[in-house]
Amino acid sequence: MTEMIEVRDLTRRFGSILAVDHISFSVTRGEVLGFLGPNGAGKSTTMKMITGFLAPTDGTAVVCGADIVADSIGAKRRIGYLPEGAPAYPDMSPRSFLRFIAEIRGFAGDEARRRIDLAVARTALVSVMEQPIETLSKGFKRRVGLAQALLHDPDVLILDEPTDGLDPNQKHEVRTLIKALAPEKVIVISTHLLEEVEAVCTRAIIIAAGRLLADATPVELAARSRLHNAVRVNLADGHDEAETALRRLPGVVAVERVVDLEGGALLVLPRGGRPIVGEVTDLVRTAGWAVRGLSVERGRLDEVFRTITA
Amino acid sequence: MHATWVIFRRELASYFTTPLAYVFIVIFLVMAGALAFFVGNFFDRGQADLLPFFNFHPWLYLVLIPALTMRLWAEERKSGTIELFLTLPVSIGAAVVGKFLAAWAFTAIALALTFPFWITVNILGSPDNGVILASYIGSLLMAGAFLAIGAALSALTKNQVIAFVITAAACFVLTVSGSSIVLGFLTPWAPTGLINLVASFSFLTHFNAIMRGVIEAPDAVFFVSVIALFLYVNAAIVELKKTN
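Structure report, in brief.

1. Focus on the overall build of chain A
Now for step 1: Across its full length, chain A carries 11 helices and 14 strands.
Now for step 2: In terms of principal-axis extent, the alpha carbons of chain A reach across some 75 × 45 × 35 Å.
Now for step 3: The 310 residues of chain A split such that 55% are buried.
Now for step 4: When contacts within chain A are restricted to residue pairs at least 6 apart in sequence, long-range pairs at least 24 apart make up 67% of them.
Now for step 5: When the accessible surface of chain A is totalled, it reaches about 13,600 Å², and 51% of it is carbon and sulfur.

Given below as structure tokens:
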């Protein structure tokens, strides 16, 4: 059985608001699934239902064979969950907090100590183990939450905005950790950082207004961008002349002027997303323009995200 | 069972990691003493018993127990830890009972620390220690009932002040439901059966019966039933909040 999370028609209503509207998907071992969507799209609500904090209005999910409605405790045993904001008891130290989590998950004595040590090493918490959690920085708090989620070495990790509020180094560490854990687990992360999706996710789901709008790999999603395979040409001068010439190429649908940090450049957009770099370079060579830079765009996730969710 | 025990230990320890435990115990002891000595005329009565001490327990609990229970669930909801807590592999029943027992054990500690009163009366005279023991047990049972009510009401809100106020109000009504304050309001229109039913819910009546020195089954059963009922209500509220 490779499908470790199977979400079936999951629906949640808050009064008259339909927060999650019949979402279905399944995730298999080794996948890192990124949950994308604008704020209030239903990402957290979906996670809260899968982890058993909220009861679904309709539909269900099966986690490692345990139905979240019929066997809620069985499902919770298989899940490591980092809730949004990484809540932890503020007056406890990471050590006593992790011991509490270990005990409640049924580990005692040496086994508990070994698991705590491993989780602490993985999240680099050693230096703050005895301080009250309320005195820790946001980054450390987040790591305490991660250590708590990893403690029982769960098959399924559900992380709600795992890198929110971390500095770039800490983000990098957490992403490295996620990638290291990925092969033997199912990991679902929610984020609105698109760079994160490109960095760690093997698959991305976009939800907006409670509905699943896209389910593909980050590369496939980026390929939906109108910028996919576009060519950026930066010339020393003569942009006007070049713009007219480029526009006449058969594969080109439009040419746009862009202004960036390096000055002006031309963005040559392909017809139907087909590669045009060959045509463009041929033209550049025959025309003899002085080229300062030339690059092919892979497409931008943020642009696709905006198109899908707008 | 195991989960209840783990939650119980964490909750009980949490009272002592904050100043709450110390503030509560000191205030409880000072107020219990002040009420017994100055209002209850502990010495002037010239009797070797602890009646003036126990007499004020319902009123003391009325103020202090809501302060103890208001945080039980409301604080978890406010700080978001409830999401962590309720996604651990623990049944809601175990969570409710663990939290309640920790609060009850804490109250028992505070109550046990009143032992100097017991020593004092034993030095000054020869009291009926059986009556005193019964009163302690009665007081603890009554505290348990207050705590169960407070815990259940705390699960209704994420605002601790609201939890405090509604718990104090509910406990007040139950405490005095045998007195003219409540019965006088009912007598003009309510049928006798209802009046007797309301009167039978009076904490004061049941506690006073125990303070006379006999723990009779109906009085003990009354408090235990209130505890059981409100623990059930507590679990139902927590469960309901998952769907609403």
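2. Observations regarding helix α9 (residues 160-176) of chain B
Since the α-helix turns once every 3.6 residues, residues separated by three or four places project in the same direction.
All names here are of chain B.
Now for step 1: The end-to-end C-alpha distance of α9, which contains 17 residues, comes to 24 Å, matching closely the 24 Å that a straight helix rising 1.5 Å per residue would cover.
Now for step 2: What α9 keeps buried is the set Ala 163, Thr 167, Ala 168, Cys 171, Leu 174, Thr 175 and Val 176.
Now for step 3: Along its buried surface, α9 packs onto α4 (57-79), α8 (129-154), α10 (180-186) and α12 (203-211).
Now for step 4: Its side-chain oxygen 2.9 Å from the backbone nitrogen of Val 161, Asn 159 forms the N-cap of α9.

3. Quick notes on the pattern of salt bridges
Residues and elements named next belong to chain A.
Now for step 1: The final tally for this structure, using the stated rule, is 28 salt bridges over all chains.
Now for step 2: A salt bridge links Arg 95 to Glu 130; the shortest N-O distance between them is 2.7 Å. With a gap of 35 residues between them, Arg 95 in helix α3 (residues 94-104) and Glu 130 in the loop between α4 (109-123) and α5 (138-150) connect regions that are remote in the sequence.
Now for step 3: Under the relative-accessibility criterion, Arg 95 is labelled partly exposed at 29%.
Now for step 4: Exposure remark for Glu 130: the relative accessible area of 54% places this residue in the exposed category.
Now for step 5: Where Arg 300 meets Glu 297, a salt bridge forms, and the shortest distance between an N and an O atom there is 4.0 Å.

4. Quick notes on the packing of aromatic side chains
Now for step 1: Using the criterion set out here, one finds 22 aromatic pairs over all chains in the structure.
Now for step 2: Note on Tyr89(A) and Phe97(A): the rings are 6.3 Å apart at their centroids and 70° apart in plane angle, and the pair reads as edge-to-face.
Now for step 3: We classify Tyr89(A) as buried; its relative accessible area is 5%.
Now for step 4: Both rings, one in Tyr61(B) and one in Phe146(B), keep their centres 6.2 Å apart while their planes meet at 65°; by these two values the pair is edge-to-face. In this pair, Tyr61(B) sits in helix α4 while Phe146(B) sits in helix α8, placing the two residues 85 residues apart along the sequence.
Now for step 5: Members of the aromatic cluster, each reached through a chain of ring pairs, are Tyr15(B), Phe16(B), Tyr22(B), Phe24(B), Phe28(B), Tyr61(B), Phe106(B), Phe146(B), Phe203(B), Phe222(B) and Phe223(B).

5. Describing the packing of helix α1 (residues 2-17) of chain B against helix α6 (residues 92-112) of chain B
Residue and element names in this part refer to chain B.
Now for step 1: For the pair α1 and α6, the least separation of the axes is 8 Å and the interaxial angle reads 45°. As far as their axial angle goes, α6 and α1 are oblique. For the element pair α1 and α6, the recorded crossing hand is right-handed. Residues Ala 3, Thr 4, Ile 7, Phe 8, Glu 11, Leu 12, Tyr 15 and Phe 16 of α1 pack against Ala 94, Ala 95, Val 97, Gly 98, Lys 99, Leu 101, Ala 102, Ala 103, Ala 105, Phe 106 and Ile 109 of α6.

6. Points about the pairing of strand β8 (residues 186-191) of chain A
Residue and element names in this part refer to chain A.
Now for step 1: Burial analysis of β8 places six of its six residues in the buried class, which makes it a mostly covered element.
Now for step 2: Residues Val 186, Val 188 and Ser 190 point to one face of β8 and Ile 187, Ile 189 and Thr 191 to the other, with burial holding for every one of them.
Now for step 3: Note that strand β3 (residues 32-36) and β8 share five bridges and pair parallel. When the bridges of β8 are listed, Leu 36 appears paired with Thr 191.

Each value, and the rule that gives it
- Residues numbered from 1 in each chain as written.
- Chains lettered and ligands numbered in written order.
- Predicted model: local features only at pLDDT ≥ 70, side-chain atom pairs only at ≥ 80, totals over all residues.
- Heavy atoms only, no water.
- Helix = DSSP H or I, 4+ residues; strand = E, 2+ residues; numbered from the N terminus.
- Buried < 20%, exposed > 50% of the residue type's maximum accessible area, 1.4 Å probe, protein only.
- Contact = heavy atoms within 4.5 Å.
- Areas by Shrake-Rupley, 256 points an atom, 1.4 Å probe, with all protein chains shown as cover.
- Expected span 1.5 Å × (residues − 1).
- Polar contact = N/O pair within 3.5 Å; in protein donor to acceptor, adjacent residues only side chain to side chain.
- Salt bridge = Lys/Arg side-chain N within 4 Å of Asp/Glu carboxyl O.
- Phe/Tyr/Trp six-rings, centres within 6.5 Å; stacked < 30°, edge-to-face > 60°.
- Axes fitted to C-alpha atoms, helices over the stretch in contact; angles between N-to-C directions.
- Parallel < 35°, antiparallel > 145°, perpendicular 65-115°, else oblique.
- Left-handed = near helix turned anticlockwise from the far one by under 90°.
- Pairing = 2+ DSSP bridges.

The values reported here are purely geometric and, on their own, carry no functional implication.
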